[in-house]
Amino acid sequence: MTRFLLAVLRRDLTLAARRRGDWLIALFFFVMVASLFPLGIGPDPKLLARIGPGVLWVAATLASLLSLSRLFADDHRDGSLEHMVLSPEPTVLLVLGKSLAHWLIYGIPLLLIAPVLGVQFHLPADAIGVLLLSLLIGTPILSLLGGVGAALTLGLRGGGVLLTLLILPLYVPALIFGAGAVDGVLAGTGAEAHLSLLGAFLILTLLVAPWIAAAALKVSLE
Amino acid sequence: MNLYTYASPATFYHLAGRLIPWFAWSAGILTLVGLYIGFFVAPTDFQQSEAYRVIFIHVPAAWMGMFIYLVMAFWGAIGLAFNTRLSFMMVRALAPTGAIFTFIALWTGALWGKPMWGAWWVWDARLTSTLILLFLYIGIMALWAAIDDVKRGDRAGALLALIGAINVPIIYFSVKWWNTLHQGASVSLTKAPTMATIMLTGMLIMAFAAWFYSIAVALARVRAIILERERHTEWVKDILER
Amino acid sequence: MPDNVLLSAHDLACTRGDRLLFKAMNFGLVAGELLLVQGGNGQGKTSLLRLLTGLSRPEAGEVRWRGQPIARCGETYHREMAYLGHANGIKDELNPLENLRFADGLQGRAFDAARAERTLGDLGLARCLDLPCRVLSFGQRRRVALAALLLAGATLWILDEPLTGLDVHAVAQMEGLLRDHLAAGGMVVATTHQALNLAGVRVQRLLVGNVAIPDIAASPDPVAEGAA
């Protein structure tokens, strides 16, 4: 079981290392979307600090969606997805492994670049710390829920746009709790409540999403 | 199991055909009664004057929008668990009705909000979560539209309804939480002070009308879906040739 | 049906969209036997193979492995079954060895590099071990997929057009591999448009769909078939 999970992880990480373009594009997308907001709204530091948490969180959800449409699509095209589903291990583990790999490849770089963007938005140091923490808890949710959408839209025309339509509403709680945590620090009301709720949502997602995604994957492969 | 799945739509088709008039007529009569109470019998509200009367449509529509989504998830789960084709047809038949009720709830909410809050749209917790509910409906219907294969569409839609239904309470809670943090207390619909019994009666009658309407429309749609999917079977050919 | 039947189909029916591909299909396969699935294009050969793997579910009927419906013994069945479809299921970015290492990981097995290298060498890929599969030819990539099949150590092979893209020499080698596998008590379900020389092999033929095609393969002598 562990060997299977490690094999999936190792493979996806190796592939990402050989195709650096993919995750770099998602990362630059995140940076650019976030950088467009000051240009559209104006450079007022107070205003930017006010909208910063929300903008960065929305940009993170969009960046994760950008890459999610390919979570299973590439493996579907060359037939390796069928081999993985036909392995003796349960498909839930496969989905879990691929979601985890997605988070490591696309989520972690967002985390690393987020402080720089936080500075761009004039967020104070403690708020940046909480932003990182909220992204650390929140981005796995994006990968897990996105796995459901990627499995449902596998092989469909315009799957990428459809995926966005299906999954964005499900991201709402993560967005609210995540951005709210940073807002809480800025407003001086503390971030603990938001972060605990975000953590609870992560646990629930971890318990539910892989099963639904595994079922969806089987449906899509039929 | 096979005999069951094959035979079931045929019997259901005829049963639904007999039930539809009853539900349709009940819905029509209850709507007339409910609207009459709402517009002519119920007294003018002290605080909100005549504009409040939109709640006779708004509240039942909002209830139905939320409720139908849960019913869809329920039928979807049954279909996935027992592989019953009729359940998936129910899910497909219910979605447009649910989406329309959700849309009506949003529209009437805006109409009600203009005189109350002075704005067509307010990021009120209920309105916002209803909007997200509408997005969930649109997502399911878009997924069906994108999938050509009937069987795959049925199952994919059911799975999406299922994860959406698990998410709906969390979304509602999170939006409410977000709302209380960002805007003090806003006027809330059910807080309409001490609702008169006659108002409540009118609203309940309208709610029943919405129920019966949904059932009638869903049954009619299931019948159409059955005919479409079973068009190669003998009994459907018999019906169509008659 | 004899007792030693391992893989069996019971009243299988399969539809694609509105179209009924086949119904009431029954067969049983014993150890050492080859099931050759025949039929024209679009008659449901691939659909049948996917039903047998458990990737898709039949409209009616069931597939059994050792007497158990495969829907209920997925884990055991998938441990003893290996599938090679139209797509090779290998990653272009990885080299052949890495691909085989992952295939072993999927089975939850430790990777035996020496054995993998030997198998690749036997299939004539000794010089391609550290090249990404992207630069290999179509036939070479097919052979990497065959190496994964051999290393899986499965009892039952389900092969969809295994000879596509292989040259004459490789086809002969493949015939040898099939014979060895069957002689060792293995089983094969395969579709192919090409002629196969399978002298001394127990072959069962199954016609899918309603278009009869000329008697090919399975005869002791290779007989060429027309357009594929």
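The rules we used
Residues numbered from 1 in each chain as written. Chains lettered and ligands numbered in written order. Predicted model: local features only at pLDDT ≥ 70, side-chain atom pairs only at ≥ 80, totals over all residues. Heavy atoms only, no water. Helix = DSSP H or I, 4+ residues; strand = E, 2+ residues; numbered from the N terminus. Buried < 20%, exposed > 50% of the residue type's maximum accessible area, 1.4 Å probe, protein only. Contact = heavy atoms within 4.5 Å. Areas by Shrake-Rupley, 256 points an atom, 1.4 Å probe, with all protein chains shown as cover. Buried area = accessible area lost by both parts, 1.4 Å probe. Salt bridge = Lys/Arg side-chain N within 4 Å of Asp/Glu carboxyl O. Polar contact = N/O pair within 3.5 Å; in protein donor to acceptor, adjacent residues only side chain to side chain. Core = buried A, V, L, I, M, F, W, Y, C linked by side-chain atoms within 4.5 Å. pLDDT = per-residue confidence, 0-100. Expected span 1.5 Å × (residues − 1). Bend = angle between axes of the 7 residues up to and from the residue. Axes fitted to C-alpha atoms, helices over the stretch in contact; angles between N-to-C directions. Parallel < 35°, antiparallel > 145°, perpendicular 65-115°, else oblique. Left-handed = near helix turned anticlockwise from the far one by under 90°. Nonpolar A, V, L, I, M, F, W, Y, C, P; charged D, E, K, R; others polar. Phe/Tyr/Trp six-rings, centres within 6.5 Å; stacked < 30°, edge-to-face > 60°. Lys NZ or Arg CZ within 6 Å of the ring centre and 35° of its normal. Pairing = 2+ DSSP bridges.

Side note on the overall build of chain A
When its secondary structure is counted, chain A shows nine helices and zero strands. Moving toward the C terminus, one meets the helices and strands of chain A in the order α-α-α-α-α-α-α-α-α. When the backbone C-alpha atoms are referred to their principal axes, chain A occupies close to 55 × 30 × 30 Å. For chain A, with 222 residues in total, the buried portion stands at 59%. Taking the contacts inside chain A whose residues are at least 6 apart along the sequence as the reference set, 82% of them involve residues at least 24 apart. Of the roughly 8400 Å² of accessible surface on chain A, a fraction of 72% belongs to carbon and sulfur atoms.

Quick look at the interface of chain B and chain C
Contact residues are listed per partner, giving seven residues for chain B and seven residues for chain C. Together, the buried faces of chain B and chain C total about 530 Å²; carbon and sulfur atoms form 22% of this surface. Where chain B meets chain C, there are one salt bridge. Here Glu-59 of chain C and Lys-151 of chain B are joined by a salt bridge, their closest N and O atoms 2.9 Å apart. For the interface between chain B and chain C, the tally reads one residue pair in polar contact (both at pLDDT 80 or more). Those elements that place two or more of their residues in the side of chain B that touches chain C are helix H1 (2-41) and helix H5 (150-182) of chain B.

Concerning unusual backbone geometry
All names here are of chain C. Notably, Arg-66 is not glycine yet its phi reads approximately 50 degrees, a positive angle. Within the chain, Glu-161 stands out as a residue other than glycine whose phi angle is a positive 50 degrees. Turning to its location among the elements, Glu-161 is positioned in the loop between strand S7 (156-160) and helix H6 (168-183). Relative accessible area serves as the criterion here: at 8%, Glu-161 is assigned to the buried category.

Points about the nonpolar core
All names here are of chain C. In this structure, Leu-7 and Val-189 are the most contacted members of the largest nonpolar core, which totals 142 residues. Setting aside its immediate chain neighbours within four residues, Val-189 contacts Leu-7, Leu-29, Leu-35, Val-37, Leu-49, Leu-52, Leu-156, Trp-157, Ile-158 and Leu-159. Counting 38 residues, the second largest nonpolar core, distinct from the first, contains Val-144, Ala-154, Ala-170 and Leu-196.

Let's talk about the interface of chain B and chain A
On the side of chain A, 31 residues touch chain B, which itself brings 30 residues to the contact. Summing both partners gives a buried area of about 2500 Å² for chain B against chain A, and 79% of it is carried by carbon and sulfur. When the area that chain B buries against chain A is broken down by residue, the three leading residues are Arg-152, Leu-159 and Ile-163 of chain B, summing to 25%. There are one salt bridge connecting chain B and chain A. The partner of Asp-148 of chain B in a salt bridge is Arg-157 of chain A, with the nearest N and O atoms 3.2 Å apart. Taken together, chain B and chain A are joined by five residue pairs in polar contact (both at pLDDT 80 or more). Mapped onto the side of chain B that touches chain A, the elements with two or more residues apiece are helix H4 (125-146) and H5 of chain B.

Side note on the confidence of the model for chain C
With 90% of its residues at a pLDDT of at least 70, chain C reaches an overall mean of 82. For the stretch residues 212-228 of chain C, pLDDT sits under 50, and the model shows 27 contacts to residues farther than four places along the chain or on other chains.

Thoughts on helix H9 (residues 192-221) of chain A
Compared with the 44 Å implied by 1.5 Å per residue over 30 residues, the 42 Å span of H9 of chain A between its first and last C-alpha is a close match. Of all bends in H9 of chain A, the biggest is about 30 degrees, found at Thr-205 of chain A.

Some remarks on the packing of helix H3 (residues 85-117) of chain B against H4 of chain B
All names here are of chain B. Two elements in contact, H3 and H4, have axes whose closest approach is 9 Å; the angle formed by their N-to-C orientations is 150 degrees. One way to sum up the angle between H3 and H4 is to call them roughly antiparallel. Crossing of H3 over H4 shows left-handed handedness. Where H3 approaches H4, its residues Val-91, Arg-92, Ala-95, Pro-96, Gly-98, Ala-99, Thr-102, Phe-103, Ala-105, Leu-106, Gly-109 and Trp-117 are matched on the opposing element by Leu-127, Thr-130, Leu-131, Leu-133, Leu-134, Tyr-137, Met-141 and Trp-144. Class assignment of the residues belonging to the contact of H3 with H4 gives a composition of 15 nonpolar, four polar and one charged.

Digging into the packing of aromatic side chains
Per the stated rule, a full pass over the model turns up 13 aromatic pairs over all chains. Summarising the aromatic geometry, the rings of Phe-23 of chain B and Phe-212 of chain B are spaced 5.7 Å apart at their centres and angled 50 degrees between planes, so their arrangement reads as tilted. With Phe-23 of chain B in helix H1 and Phe-212 of chain B in helix H6 (residues 197-229), this residue pair connects regions lying 189 residues apart in the sequence. Taking the relative accessible area as the measure of exposure, Phe-212 of chain B reaches 24% and is therefore partly exposed. Where Tyr-69 of chain B meets Tyr-137 of chain B, the ring centres are 5.3 Å apart and the plane angle is 85 degrees; that geometry is what we call edge-to-face. Pair noted here: Tyr-69 of chain B is in helix H2 (residues 55-82) and Tyr-137 of chain B is in helix H4, with a separation of 68 residues, a long-range link. The pair formed by Tyr-69 of chain B and Tyr-137 of chain B is uniform in burial state, with each residue classed as buried. Aromatic rings pair up to connect Phe-23, Phe-208 and Phe-212 of chain B into one cluster. Above the plane of the ring of Phe-102 of chain C lies Arg-11 of chain A, whose end atom (NZ or CZ) is 4.5 Å from the centre. Above the plane of the ring of Tyr-13 of chain B lies Arg-223 of chain B, whose end atom (NZ or CZ) is 4.1 Å from the centre.

Structural notes on the pattern of salt bridges
Applying the stated rule across the entire model yields 27 salt bridges over all chains. The partner of Arg-18 of chain A in a salt bridge is Glu-98 of chain C, and the shortest N-O contact between them spans 2.7 Å. Separated into two different chains, Arg-18 of chain A in helix H1 (residues 2-18) and Glu-98 of chain C in helix H3 (residues 96-106) make up a pair that spans both. Here Arg-18 of chain A falls in the partly exposed class, since its relative accessible area comes to 42%. Residue Asp-74 of chain A is joined to Arg-77 of chain A by a salt bridge in which the shortest nitrogen-to-oxygen separation is 3.2 Å. In this pair, Asp-74 of chain A and Arg-77 of chain A are both assigned in helix H4 (residues 73-77), three residues apart and thus about one turn of the helix distant. With relative accessibility at 63%, the residue Arg-77 of chain A sits in the exposed group. Through salt bridges that share partners, Arg-11, Asp-12, Asp-75, Asp-78 and Lys-98 of chain A together with Lys-91 of chain C make up one connected network.

Details of the sheet that holds strand S9 (residues 202-207) of chain C
Residues and elements named next belong to chain C. On the basis of which strands lie adjacent, the open sheet formed by five strands has the order S6-S7-S8-S3-S9 and parallel pairing. Strands with a single pairing partner mark the edges of an open sheet, and in this sheet they are strand S6 (81-84) and S9. For this sheet, the mean angle separating the axes of adjacent strands, direction not counted, is 15 degrees. In this structure, S7 lies alongside strand S8 (residues 187-191), joined through five bridges in parallel fashion. Looking at S8, one finds that Trp-157 is bridged to Val-188.

A few points about the sheet that holds strand S2 (residues 19-30) of chain C
Spatially, the four strands line up as an open sheet ordered S2-S1-S4-S5 (chain C), and their pairing is antiparallel. Because the sheet does not close on itself, it has two edges, and the strands there are S2 and strand S5 (68-69) of chain C.

Points about the environment of Leu-51 of chain C
All names here are of chain C. Take Leu-51: it is sitting in helix H1 (residues 45-53). Taking the C-alpha atoms as reference, Leu-51 lies 7.8 Å from Val-63; in sequence the two are twelve residues apart. Among all residues touching Leu-51, those that are not within four sequence positions of it are Leu-12, Ala-13, Cys-14, Phe-22, Ser-56, Arg-57, Pro-58, Val-63 and Ile-70.

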